[in-house]
Each structure stands twice: as C-alpha cells, then as structure tokens.
Amino acid sequence: EPEVTQTPSHQVTQMGQEVILRCVPISNHLYFYWYRQILGQKVEFLVSFYNNEISEKSEIFDDQFSVERPDGSNFTLKIRSTKLEDSAMYFCASEGGLSSYEQYFGPGTRLTVT
Amino acid sequence: SQQGEEDPQALSIQEGENATMNCSYKTSINNLQWYRQNSGRGLVHLILIRSNEREKHSGRLRVTLDTSKKSSSLLITASRAADTASYFCAPMDSNYQLIWGAGTKLIIKP
C-alpha cells in the first residue's frame, strides 16, 4: 500500500540554524500539507500546497517557514532560523483530491532545537 | 475556537468492552474525520463521514454525525489491546481545512 514517507525521523539542531524537513507524498496525490505537534499538545496546521503553490497557511507559518516541491516528488519544509519553540513533531500529509478529502500522514520528523 | 473538542480526554476500559468517544465542533463542515495516533507516531486515518451522512461503519468502528448538534461519536466495539492510542476527531471546514482537537487517550487494559 502506498504511504507517505518523511526524513529524517529525528533532527537535532542548534537555535538559529536552518533545517529542511523532507517528505515524499503518495505519488498520485494532489494536495500536500505540513502540520506540527508540540509534545503532548494538539495537532496544528501549518500550510497546504496545491498546484505548486501555497493554498492556505496558518499564523504559525511566518516568514521563517517555506515550502517547496522541487522535483515533482519531494515536498520540503524549511525553517530558516530555528527557535527553541520550533521543537515539535512535524507531519507531512497528502490527499488525493477529486473530493476524496482523506489525508494520509507520514510518520513524522521529531525536531529538537537546542 | 473552531477546533473539534473530544470527550472524554482519557478513557480506560477492559479488553472486549466497547469504547465510545465524542466530539463537538463549532463551524459548519464539509465532512468529519477520525484519526488514530499511537504514542509518538504518525496519524492514521480511520474513517470519514460526510455532512449529509448520519452513520458510517468500518469494521469494528461506527461513527455517527449529528450536524444539528454539531457533534460526532466514534464507537469501537470489542476493543483490543492494540486499540490503545489517542483518537482525534477532525472536522473539515468549508475551506477544506481539518480542525484538530486535543484527542481522547484510550487505554485498553488486558
């Protein structure tokens, strides 16, 4: 069964450093998402992406964040200058579109900012 | 807040019993989805119920939706130890965005 994959599974970085989180969505899906979940808290929407552009973004997704789909398969989330409060699990999800609406999540990347 | 609110926050039952989790929301919705998350892992889609549906079944799962009360319930019948996880209801609003609650932590005691 096709699945969403994410790399790395765990990333440790120092405050102020740039990180890139990578995702490979399910191949024929049309909509892509990034969410984050701070330990013990609820899932928070960051951004949705369709047709090679951002379709929605939350207040969390400020100028420090960017997304890219560089090669038609990977979907990346970049945080330019990490802060301690960026420590969280980051989940990528994809959705087939065509009124399917079900989102398929990757296993997540645990980002630890020290 | 537009988020889904699950109730109870935590539920502990014996294996074999049924588990019922409830969800309320505030906005108008396109559909409502339930997800499961095992500790420290990703979210797994369980079931989607559209706004014009009242009940849906999938295996041991039964979901109901009452749009007049803006509420949904998830019933897991004949629970198993492997059902231990957090369960999230995620209403999809008119902008096709999932709105997440804090989840119900379900523990199945063997």
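The structure displayed is predicted, hence computed values, not measured ones. (Residues numbered from 1 in each chain as written. Chains lettered and ligands numbered in written order. Predicted model: local features only at pLDDT ≥ 70, side-chain atom pairs only at ≥ 80, totals over all residues. Heavy atoms only, no water.)

(A) Representation of the overall build of chain A in the model. Of the regular secondary structure elements, chain A holds zero helices and 11 strands. Mapped in sequence order, the helices and strands of chain A form the string β-β-β-β-β-β-β-β-β-β-β. Oriented by its inertia axes, the alpha-carbon framework of chain A measures out at about 40 × 25 × 25 Å. Across the 114 residues that make up chain A, the buried fraction comes to 46%. Partitioning the intrachain contacts of chain A with sequence separation of at least 6 by distance along the chain shows that 54% fall at a separation of at least 24. Total accessible area computed for chain A in this model is approximately 5900 Å², and 45% of it derives from carbon and sulfur atoms. (Helix = DSSP H or I, 4+ residues; strand = E, 2+ residues; numbered from the N terminus. Buried < 20%, exposed > 50% of the residue type's maximum accessible area, 1.4 Å probe, protein only. Contact = heavy atoms within 4.5 Å. Areas by Shrake-Rupley, 256 points an atom, 1.4 Å probe, with all protein chains shown as cover.)

(B) Quick peek at the overall build of chain B. Within chain B, the regular secondary structure consists of zero helices and 10 strands. When the helices and strands of chain B are placed in sequence order, the string is β-β-β-β-β-β-β-β-β-β. Relative to a compact globule of 110 residues, whose C-alpha radius of gyration would be 13 Å, chain B shows 13 Å and is just as compact. When its C-alpha atoms are laid out on the principal axes, chain B stretches across 40 × 25 × 20 Å. Residues classed as buried in chain B amount to 48% of the 110 residues present. Within chain B, counting contacts between residues at least 6 apart in sequence, those at least 24 apart form 54% of the total. Per element, the accessible surface of chain B, about 5200 Å² overall, is 44% carbon and sulfur. Of the side-chain charges in chain B, 13 are positive and 10 negative, and the distance between the mean point of each set is 3 Å. (Rg over C-alpha atoms; globule rule 2.2 N^0.38 Å. Lys, Arg positive; Asp, Glu negative; His and termini not counted. Charge placed at Lys NZ, Arg CZ, Asp CG, Glu CD.)

(C) Up close: the layout of surface pockets. What the largest pocket holds in volume is close to 550 Å³. Around the largest pocket, the lining comprises 25 residues; the ones closest to its centre are Q37, L39, G40 and Q41 of chain A together with Q37 of chain B. Of all the secondary-structure elements, those providing two or more residues to the lining of the largest pocket are β9 (88–95) and β11 (109–113) of chain A together with β9 (85–93) and β10 (104–109) of chain B. The calculated volume of the second largest pocket comes to roughly 400 Å³. In this structure, the second largest pocket is lined by 16 residues; those nearest its centre are E3, F105 and G106 of chain A together with L43 and V44 of chain B. Listing elements by their share of the lining of the second largest pocket, those giving two or more residues are β10 (103–105) of chain A together with β5 (43–50) of chain B. Considered class by class, the residues forming the lining of the second largest pocket number eight nonpolar, five polar and three charged. (1 Å grid on protein atoms, 1.4 Å probe; cavity = no way out; pocket = protein on both sides within 12 Å on 5 of 7 lines; lining within 4 Å. Points joined across faces, edges and corners; volume = space filled by probe spheres on them. Nonpolar A, V, L, I, M, F, W, Y, C, P; charged D, E, K, R; others polar.)

(D) Geometry of the packing of aromatic side chains. Residue and element names in this part refer to chain A. Across all of its chains, the model carries 15 aromatic pairs over all chains by this definition. Ring geometry for F49 versus F75: centroids 5.3 Å apart, planes at 45°, classification tilted. Pair noted here: F49 is in strand β5 (residues 43–50) and F75 is in strand β8 (residues 75–79), with a separation of 26 residues, a long-range link. For F49, a relative accessible area of 5% puts it in the buried group. Take F75: its relative accessible area is 0%, and that puts it in the buried class. (Phe/Tyr/Trp six-rings, centres within 6.5 Å; stacked < 30°, edge-to-face > 60°.)

Read these as spatial facts, not as claims about activity.
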